[in-house]
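# Chains, contacts and geometry: an overview
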Amino acid sequence: MSKYLLEIGVEELPYSLIEPISEQIKENFKKFLQENNAGFSDIKTYTTPRRLVFVIDGLNEVQPDTEKVFRGPNAKVAYDANGNVTQAAMGFARKFGADVSALYKVEDAGQEYVALKVSEKGQSVYEIMPKIVPDCVLKVQGSHFMRWAGYDEKFSRPIRWIVSILDDKEVPVEITGIKSSKKSRAHRFCSEKFTEITSVDAYFDIMLKHNVIVDEEQRKAEIVKSVNELAASIGAQAKIEPELLKEVTNIVEFPRPVLGNFDEKYLAIPEPVIVTVMASHQRYFPIYKNGKLLNGFITVANYVGDDFSNIKNGNERVIKARLDDAIFFYNEDIKKPLMDRIESLDGMTFQKGLGSIKEKVSRIIKISDKIAKELGYDDANPTYNDITRTALFCKADLATSLVFEFTELQGVIGAHYARVFGENENVVKGIEEHYYPLVADADLAESITGQVVGIADKLDTICGVFILNKIPSGSVDPLGVRRAAVGILQTVMQKKLQLNLTELIRFAISRYDVKVENPEKLVNDISAFFIQRLKGIFANNYQPDYIDAVLSASDVLNSLDNIVERLDLMASAAKTAEFEKLVAAHTRISKISKTKEALSPSIKGTGFSKDDILADKDKIKYSDCAHSNVSDKLYEQKTEGVNPSLFNCEAEDNFYRGVMSMHSCKTASFTEKYNALVGFVPVIDKFFEDVMVMDNNPEIKNNRLKLLQAADKEFLKIADFTKIVK
């Protein structure tokens with residue numbers, strides 16, 4: 001088996017495109033090699049800013065001969081009534097350069113067809129690669145691709161050289177006029193500009209000798225090691241964030257750490273600002289000592305040599321200029337209290353058609369007020385006042401110069417200024433955290449102020465987008481409403497907040513001074529959007545039918561705090577013998593109670609009573625809800641829709657008692673409710689054995705249908721078991 005090496009040399013690629021481009025070319029190789037019957041065992045990719053490298057292992061120099069069977073037209077079409085071949089058969093044979101005598105009949109799905117065996121001689125790598133390499137590279141798609149010279153082909157950056165080798169022999173290929181060779185290019189600052197690659201196995205060592213670390217994982221490890229060693233040399237520790245490390249790895253071929261400094265006076269600026277200037281804007285690693293930020297940084301240079309003075313001085317000049325701007329903005333901002341900033345928000349548009357940021361803050365305050373009260377905080381509670389104060393100031397920093405310059409710090413700067421102007425820590429934390437989670441799977445708000453105001457802010461945005469009918473589709477989501485919805489759901493579920501999300505959606509819509517043609521449809525559309533996000537959240541941890549079953553249950557958005565509990569219950573219950581019987585019982589009840597024939601005019605839209613069957617004084621412990629031992633007082637209760645006096649057999653009576661006992665036990669756990677349903681299954685089976693639901697007497701039939709609807713609601717308190725796939 002042989003190894004094939006392809007190195008595509010380019011002008012510096014944008015760091016964010018290196019990985020997706022490399023992956024696309026790799027997938028193209030897999031596809032085209034398979035189409036050309038070229039067997040291989042593995043394809044590995046390596047990248048630097050100037051080169052895309054692919055090593056294909058387990059490749060034969062000459063591929064084996066193959067024989068393929070191609071099916072042609074139906075035999076009735078291929079032969080006439082006298083058994084002679086028709087033009088259709090001749091055309092099919094001619095397509096493969098074969099004689100009609102080579103045709104034979106095959107049967108498929110009860111029909112006869114003509115077929116042809118075609119032998120294909122195995123091609124050599126020297127024949128395959130010149131055909132597929134250009135397509136593998138030039139079929140890549142991405143943003144901001146370009147043409148150069150007189151070529152029509154597009155790529156992210158101009159291609160400058162190609163290395164194409166099988167083991168130790170060159171395999172000639174050509175892309176956009178560039179012909180391959182065995183010569184690669186060394187590091188830009190290396191004295192020897194070109195180097196010959198003697199073999200695939202020697203490639204990495206040869207490139208390292210010419211100051212290029214081709215393997216990005218090796219390059220990343222070298223950056224971490226060298227940066228930490230340099231920081232340790234001055235008794236400090238470097239803060240290496242994964243995203244910054246990935247970016248730096250993709251902009252250097254030969255990493256060399258350089259230590260720089262700035263004046264201590266800049267440490268008066270809030271630490272997040274300094275770190276953002278260093279990390280996000282300049283790609284520097286900040287350094288700390290005993291947890292305290294130092295007036296220094298480490299930058300990673302793509303450099304060959306020993307004199308780093310110019311690199312050090314240049315980077316120090318750049319960061320000084322950036323920090324000068326930051327300290328000026330900071331000193332100007334703290335001259336004006338946050339309260340005075342709120343009026344400035346009136347001149348800032350939230351979204352065309354949805355008013356200003358100030359109007360959005362007004363809506364956030366009202367939604368936060370409703371959420372706080374729903375969670376049990378009233379006007380006299382200090383936490384309520386903290387929530388209201390957080391909502392008032394949550395967007396005030398948008399009117400500051402520092403956030404205008406460093407938009408990624410909104411919330412962080414607001415929290416710092418709130419502390420400067422004397423707000424308590426609950427408000428400070430809430431202002432910062434109301435944007436959480438910043439990205440998928442990031443930290444959620446820990447403070448109740450951040451949770452409540454964050455939900456209000458995100459819900460207002462989502463409802464506004466739906467009011468404007470700018471619902472995200474595909475990858476288009478300019479206001480990040482998908483992330484906002486996931487943030488709300490994760491916060492409510494993980495923090496166990498008992499909120500009625502459907503009512504909050506309805507309330508948030510009503511806060512907009514915009515005419516909505518069909519408010520209830522809008523509420524349903526937004527609710528469906530949230531449920532779709534829930535499916536995505538749980539997709540990796542639970543079976544799809546379990547998710548559908550729980551999310552199809554009644555009032556799912558009004559009991560988000562217990563969804564995980566119900567999903568876990570489903571996953572464990574499905575392993576038991578009783579589960580299938582329970583699913584069958586619910587499916588039978590659901591089908592009969594929801595058929596069009598079942599919905600006679602006298603009961604359409606009524607269903608089961610929304611009121612409790614039992615008054616609070618009549619509540620029974622769940623442990624006492626065994627269907628055969630329920631107190632007679634259950635039977636004596638009257639409910640809207642179900643009339644016990646119309647029962648005419650014991651099975652019907654027992655069914656009613658069972659439904660009532662389950663409905664009366666409001667405080668039971670989901671496990672207890674499930675166990676009660678399992679115990680109810682024999683009662684259901686007996687009911688269907690002894691009772692004809694669709695009785696000729698409409699009054700009796702309707703009464704029994706309402707009874708089934710009531711039972712259906714008890715199942716739906718846990719899940720819609722009819723969604724379970726057997």
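Residue positions are given per chain, counting from 1 as you read along its sequence in written order. Per-residue local features of the predicted model are confined to residues with pLDDT of at least 70, and side-chain atom pairs are confined, for both listing and counting, to 80 or more; whole-chain, interface and lining totals are unaffected and use all residues. The side-chain figures draw on all heavy atoms in the structure; neither hydrogens nor water molecules are used.

## Some words on the overall build of the protein
Every helix listed is a DSSP run of H or I at least four residues long, and every strand listed is a run of E at least two residues long, numbered separately from the N terminus. In terms of regular secondary structure, the protein is built from 26 helices and 16 strands. In terms of its C-alpha atoms, the protein occupies a principal-axis envelope of roughly 100 × 100 × 45 Å. Partly exposed describes any residue whose relative accessible area lies between the buried limit of under 20% and the exposed limit of over 50%, with all areas from a 1.4 Å probe on protein chains only and scaled to the type maximum. Looking at the protein as a whole, 49% of its 726 residues qualify as buried. Any two residues whose heavy atoms approach within 4.5 Å are treated as being in contact. Within the protein, contacts between residues separated by at least 24 positions form 68% of all contacts whose residues are at least 6 apart in sequence. Taken together, the 94 basic and 105 acidic charged side chains of the protein have centroids lying 3 Å from each other. Counted as positive: Lys and Arg. Counted as negative: Asp and Glu, with His and the chain ends omitted from the count. All charge positions are set by atom: Lys at NZ, Arg at CZ, Asp at CG, Glu at CD.

## Considerations on the pattern of salt bridges
For side chains of opposite charge, pairing can occur when their charged atoms come near one another. A pair is scored as a salt bridge if a Lys or Arg side-chain nitrogen falls within 4 Å of a carboxyl oxygen belonging to Asp or Glu. Within the structure shown, the criterion is met by 38 salt bridges. Measuring nitrogen to oxygen at the nearest pair gives 2.5 Å for the salt bridge that ties Arg160 to Glu11. Of this pair, Arg160 sits in strand β7 (residues 159–166) while Glu11 sits in the loop between β1 (2–10) and α1 (15–35), and the two are 149 residues apart along the sequence. The residue Glu217 makes a salt bridge to Lys220 at a minimum N-O spacing of 3.8 Å. Taken together, the positions of Glu217 and Lys220, both in helix α6 (residues 216–232) and three residues apart, correspond to about one turn of that helix. By relative accessible area, Glu217 is classed as partly exposed at 48%. Relative accessible area serves as the criterion here: at 26%, Lys220 is assigned to the partly exposed category. One continuous salt-bridge network, built from bridges that share partners, spans Lys360, Arg363, Lys395, Asp457 and Asp460.

## Looking at the packing of helix α18 (residues 501–510) against helix α19 (residues 519–538)
Whenever a helix is involved, its axis is fitted only over the stretch in contact; in every case the axis is a line through C-alpha atoms, and angles between N-to-C directions fall within 0 to 180 degrees. Look at α18 against α19: their axes get within 10 Å of each other, and the N-to-C directions meet at 130°. Here α19 runs oblique to α18, going by the angle between their axes. Considering only the axes of α18 and α19, their crossing is right-handed. Counting all contacts with α18, which are made through Leu501, Thr502, Ile505, Arg506 and Ile509, the residues of α19 involved are Glu520, Leu522, Val523, Ile526, Ser527 and Phe530. Any angle from 65 to 115 degrees is called roughly perpendicular, while one under 35 is roughly parallel, one over 145 is roughly antiparallel, and all others are oblique. In this scheme the handedness of a crossing depends on how the near helix is turned from the far one: anticlockwise by less than a right angle means left-handed, clockwise means right-handed.

## A closer look at the sheet that holds strand β8 (residues 169–170)
Between any two strands, at least two bridges found by DSSP are needed for them to pair. The five strands are arranged β2-β3-β1-β7-β8 in an open sheet whose pairing can be described as antiparallel. Only two strands of the sheet have a single partner each, and these edge strands are β2 (42–48) and β8. With seven bridges joining them, β1 and β7 adopt antiparallel strand pairing. Residue pairing across strands places Ile8 opposite Ile162, the latter belonging to β7.

## Description of the state of the cysteines
Only a pair of cysteine sulfur atoms within 2.5 Å counts as a disulfide in this structure description. In total, this model carries zero disulfides according to the counting rule given. With no disulfide of its own, Cys463 lies closest to Cys394 among cysteine sulfurs, the gap being 16 Å.

## Focus on the side chain of Asn211
Within the element layout of this structure, Asn211 appears in the loop between α5 (203–209) and α6. What Asn211 contacts, discounting residues up to four positions off in sequence, is His187, Cys190, Glu253, Phe254 and Val304.

## Concerning the environment of Lys686
Within the fold, Lys686 resides in helix α25 (residues 670–690). When its relative accessible area of 42% is taken as the criterion, Lys686 is described as partly exposed.

## Quick word on unusual backbone geometry
A cis geometry characterises the amide bond from Tyr436 onward to Pro437, with omega recorded as -5°. Mapped onto the secondary structure, Pro437 falls in the loop between α15 (425–433) and α16 (448–467). Unusually for a residue other than glycine, His144 sits at a positive phi of about 60°. When you line up the elements, His144 lands in the loop between α4 (125–138) and β7. For His144, a relative accessible area of 70% puts it in the exposed group. The backbone of Thr176 shows a phi angle near 45°, a positive value even though the residue is not glycine. If you trace the backbone, Thr176 turns up in the loop between β9 (174–175) and β10 (178–179).

## Notes on the side chain of Lys360
By secondary structure assignment, the location of Lys360 is in helix α11 (residues 357–374). Polar contact is the term for a pair of N or O atoms within 3.5 Å; when the atoms are in protein, one must be able to donate a hydrogen and the other to accept it, and sequence-neighboring residues count only if both atoms are side-chain atoms. Within the structure, the side chain of Lys360 is placed 2.8 Å from the side chain of Asp460, a separation counted as a polar contact. Contact partners of Lys360, with chain neighbours within four places excluded, come to Phe350, Lys395, Asp457, Asp460 and Thr461.

## Considerations on the environment of Ala553
When you line up the elements, Ala553 lands in the loop between α20 (544–551) and α21 (563–573). By relative accessible area, Ala553 is classed as buried at 7%. With 166 residues separating them along the chain, Ala553 and Ala719 place their C-alpha atoms 4.7 Å apart. In contact with Ala553, not counting residues within four places along its chain, are Arg566, Leu716, Ile718, Ala719 and Asp720.

## Brief notes about the sheet that holds strand β4 (residues 66–74)
The strand order β4-β6-β5 describes an open sheet built from three strands, whose pairing is antiparallel. The outermost strands of the open sheet, each flanked by one partner alone, are β4 and β5 (104–108). The sheet shows a mean angle of 45° between the axes of neighbouring strands, taken without regard to direction. The pairing of β4 with strand β6 (residues 111–120) spans seven bridges and is classified as antiparallel. When the sheet's bridge partners are listed, Val69 is paired in β6 with Lys117. Packing against the sheet, helix α3 (residues 87–95) makes contact with β4 and β6, and its axis sits at approximately 160° to β4.

## Some remarks on the confidence of the model for the protein
Summary of the metric used: pLDDT quantifies the predictor's per-residue confidence within the range 0 to 100. Chain-level statistics for the protein give a pLDDT mean of 90 and a share of 94% at 70 or above. Taken as a whole, residues 598–640 scores under 50 in pLDDT and shows 81 contacts with residues more than four places along the chain or in a different chain.

## Section: the nonpolar core
Where a protein is soluble and globular, its nonpolar side chains tend to be buried together. Ranked by internal contacts, the top residues of the largest apolar core, which has 131 residues, are Phe530, Leu534, Phe655 and Phe721. If we ignore the near neighbours within four places in the chain, the residues touching Phe721 are Met570, Phe579, Leu582, Val583, His586, Thr587, Tyr674, Leu677 and Phe715. Counting residues in hydrophobic clusters, the runner-up holds 35 residues, among them Leu13, Ile132, Val137 and Ile159. Put simply, buried Ala, Val, Leu, Ile, Met, Phe, Trp, Tyr and Cys residues joined by side-chain atoms within 4.5 Å make one nonpolar core.

## Things to note about helix α12 (residues 382–393)
Compared with an ideal rise of 1.5 Å per residue, which puts twelve residues at 16 Å, α12 spans 17 Å between its outermost C-alpha atoms and is within 8% of the ideal. Regarding α12, the residues found buried are Tyr384, Asp386, Ile387, Thr390, Ala391 and Phe393. On the buried face of α12, the contacting elements are α10 (338–342), α11, α15 and α16. Near the N-terminus of α12, the side chain that reaches the backbone nitrogen of Thr383, with its oxygen 2.8 Å away, is that of Asn381. Multiplying one less than the number of residues by 1.5 Å gives the expected span of a helix.

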